[in-house]
Amino acid sequence: MKQQTAQTKTKRGTPDFQLLILTLLLVGFGLVMVFSSSSSIAIASERFNNDPLFFTKKQLMWAIIGVVGMFFAMNIRFTKYKKLYAPFFLFTTVMLLLVLVSGKVLNGARSWIHIFGFSVQPAEFAKIAIILYLAALITKKGERFRDLKTGYFPVLIIVGFIAGLIMLQPDFGTCFILVSTCGLVIYAGGASMKHIMGSIMLVVLGGALAFGANALFSSMSTPDDATSTVTEAKANYKIGRIQAFLDPLSDPTDGSLNLYRSLVAIGDGGITGSGIGQGTIKLHYLPNAYNDFIFSVIGEELGFLGSTLFLLVYLYFIWRGIIVSLRCPDPFGTLVGIGIMGLIAIQAFINIGGVTQTIPVTGVTLPFISYGGTSLFVMMVAMGILLSISRTNNLDVIKEERTKSVTVQTRTSPALRSRESIRRIR
């Protein structure tokens, strides 16, 4: 057994090539769609130097940086992230605090900060930092995690603190994604369902109180109040998104304009689409066509068949990542992998659901596809961590240990029970 342990420390397994190739394919497809959806806007604007490749070159630069980051993260043994999570989490928290003081305001949110000449979004780094933090803490606590006072409540405080910093920007979409991902990791880590349901009720109650207080403050504001106009505009903007979701035709010239045109674009795609680069909705009709509404361009240019193929590839990519996570012999690796793939799946659902009127629009990127340097870089580094986990799975020593009988404890987390089921199948 000691000899096997020594082998696992010295040898390195091969990464999951299916996951690696799928990641690179999605990034490549994203570059194509960013060019298709942004070239007409960039070439017609002096702001973008009349360069049709303006956005594509920036996205390509971040893709190259992301590939380097992915391979770097892939070559770090995933168990080392148990120690690296603490400084990374602290660094991310400091950035979230700095962005509230000196951040750049864009689309009504103070979410950006300049670091080493780059504009980055600290909330994107927070997604990975909180996943590593939760996975390390849950595995360290073990069965004590099911205790409300010593296990669950401290975790909830940290999640609430980070979510609160993001809401202060304010960035509801990112906050919702982060909280949902944390909930998935906490559930997979074996938390009591009573505690989870209680937390959901508190979140719903807190959200209702926050919106109610906001509405009350808006109604009590006097005309002389300098902030009343801004507050009312923000409130009307949120209400407008909900109204647009309920009825995109309610006001196709104002609040529901983007969603209305998004649905028109997807409908115009038909069965086979107009062809890559041949769509018309991106020609100054749909704002952020290369970002939040890039799936609308995919629907118009690739049609039903192309969009379905894209979604099937995306689903297989997520499924493959979950399988890799469940095969990990270390509970920390399993929880990190589930957190990463859950993050990608939740964010993709919110993006695609928003532009297809499945849920209200929240303004988040489609992972690996939408234009956005920080988002692309963080997602690729996250995949590097998952690929590092897959390298351990592919060690011959681990494969031999999987063939042995495994005794499942009477009280294990859902993730660990699923992991044991995967091993038995193999």
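Residues numbered from 1 in each chain as written. Predicted model: local features only at pLDDT ≥ 70, side-chain atom pairs only at ≥ 80, totals over all residues. Heavy atoms only, no water.

Caption draft 1: Local environment of the packing of helix α7 (residues 172-188) against helix α12 (residues 331-355). Where α7 meets α12, the closest approach of the two axes is 9 Å, and the angle between their N-to-C directions is 145°. Between α7 and α12 lies a crossing of right-handed hand. Residues Phe176, Ile177, Ser180, Thr181, Leu184, Val185 and Ala188 of α7 pack against Leu335, Ile338, Gly339, Gly342, Leu343, Ile346, Gln347 and Ile350 of α12. Across the contact of α7 with α12, the residue classes tally to 10 nonpolar, 5 polar and no charged. (Axes fitted to C-alpha atoms, helices over the stretch in contact; angles between N-to-C directions. Helix = DSSP H or I, 4+ residues; strand = E, 2+ residues; numbered from the N terminus. Left-handed = near helix turned anticlockwise from the far one by under 90°. Contact = heavy atoms within 4.5 Å. Nonpolar A, V, L, I, M, F, W, Y, C, P; charged D, E, K, R; others polar.)

Caption draft 2: Representation of the environment of Leu19 in the model. Within the secondary structure, Leu19 sits in helix α2 (residues 17-43). The buried category is assigned to Leu19, whose relative accessible area is 0%. Expressed as a C-alpha distance, the spacing of Leu19 and Phe317, which sit 298 residues apart in the sequence, is 6.6 Å. (Buried < 20%, exposed > 50% of the residue type's maximum accessible area, 1.4 Å probe, protein only.)

Caption draft 3: Looking closely at the pattern of salt bridges. Here the structure, examined in full by the defined rule, presents 5 salt bridges. With a shortest N-O distance of 3.1 Å, Glu124 and Lys127 are connected by a salt bridge. Linking Glu124 with Lys127, this pair stays in helix α5 (residues 122-141), spanning 3 residues, or about one helical turn. Of the two residues, Glu124 and Lys127, neither departs from the other in class, the shared state being buried. Across the salt bridge formed by Lys282 and Glu301, the nearest N and O atoms sit 2.8 Å from each other. Of this pair, Lys282 sits in the loop between α10 (257-269) and α11 (294-326) while Glu301 sits in helix α11, and the two are 19 residues apart along the sequence. Glu301 carries the same exposure label as Lys282, and that label is buried. (Salt bridge = Lys/Arg side-chain N within 4 Å of Asp/Glu carboxyl O.)

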